[in-house]
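# Analysis of the macromolecular model
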Amino acid sequence: MSFIGQQAPYFAGEAAHNGEIVNISLNDFKGKFLVLFFYPLDFTFVCPTELVAFNDRLADFKKLNAEVVGCSVDSVHTHLAWMRTPRSEAGVGELDYPLLSDLSRAIG
């Protein structure tokens, strides 16, 4: 189900961003549009291209006052490892937006 044009349900959790573990919540994005997308798992061959594509177009989202957050059921430590793995080795490399951890599946 999508919530385009509607306020997103509240969420909060740990995310990997810029090589660090940070806490983020819906409140961090007040006054902006938010593209919150979900993907199955890190280190799979299903999603890396989509995550990289979001990163490649991040400046376009920001021009529209929109932020991007990716979310999966992986731990924040797995997110960090995937972001530290080069794209040539099935990682996503450095991303300029956070990957949110949803281990409990409460956000999804």
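Keep in mind it's a predicted model, so treat the numbers as computed, not measured.

### Some words on helix 1 (residues 48-56)
Looking at helix 1, one finds that the buried residues are P48, L51, V52, F54 and N55. Down the axis of helix 1, the smallest arc covering the buried residues is 155°, so these residues share one side. With respect to the buried face of helix 1, the exposed residues turned more than 90 degrees away are T49 and D56. Lining the buried residues of helix 1 we find strand 3 (33-38), helix 2 (58-63), strand 4 (66-72), helix 3 (76-84) and strand 5 (99-101).

### Description of the pairing of strand 4
The buried fraction of strand 4 is high, at seven of seven residues. Bridging between strand 3 and strand 4 involves six bridges; their strand directions are parallel. Its bridge partner being in strand 4, F38 is matched across the sheet by C71. Across three bridges, the pairing between strand 4 and strand 5 is parallel. Residue pairing across strands places S72 opposite S101, the latter belonging to strand 5.

### With respect to the pattern of salt bridges
Counted according to the given criterion, the structure contains three salt bridges. In this structure, K32 engages E67 in a salt bridge whose closest nitrogen and oxygen atoms are separated by 3.0 Å. Here K32, found in the loop between strand 2 (20-25) and strand 3, pairs with E67, found in strand 4; they are 35 residues apart in sequence, far enough to count as distant. Among the salt bridges present, the one from D60 reaches R57, with a minimum N-O distance of 2.5 Å. Overall, D60 belongs to the partly exposed group, its relative accessible area being 30%.

### Remarks on the pairing of strand 1 (residues 12-17)
In the sheet, strand 1 pairs with strand 2 via six bridges, with the strands oriented antiparallel. Within strand 2, the residue paired with H17 across the bridge is E20. Between the antiparallel neighbours strand 1 and strand 2 lie two residues, among them N18 with a positive phi of about 55°. In this sheet, strand 5 lies alongside strand 1 in antiparallel orientation, the contact comprising two bridges. Bridging from a neighbouring strand, A16 pairs with L99 of strand 5.

### Describing the environment of T44
You can see T44 is positioned in the loop between strand 3 and helix 1. Judged by its relative accessible area of 23%, T44 falls in the partly exposed class. The spatial distance from the C-alpha of T44 to the C-alpha of A90 is 7.8 Å, given a sequence separation of 46 residues.

Cut-off values and rules
- Residues numbered from 1 in each chain as written.
- Predicted model: local features only at pLDDT ≥ 70, side-chain atom pairs only at ≥ 80, totals over all residues.
- Heavy atoms only, no water.
- Buried < 20%, exposed > 50% of the residue type's maximum accessible area, 1.4 Å probe, protein only.
- Helix = DSSP H or I, 4+ residues; strand = E, 2+ residues; numbered from the N terminus.
- Arc of directions from axis to C-beta.
- Contact = heavy atoms within 4.5 Å.
- Pairing = 2+ DSSP bridges.
- Salt bridge = Lys/Arg side-chain N within 4 Å of Asp/Glu carboxyl O.

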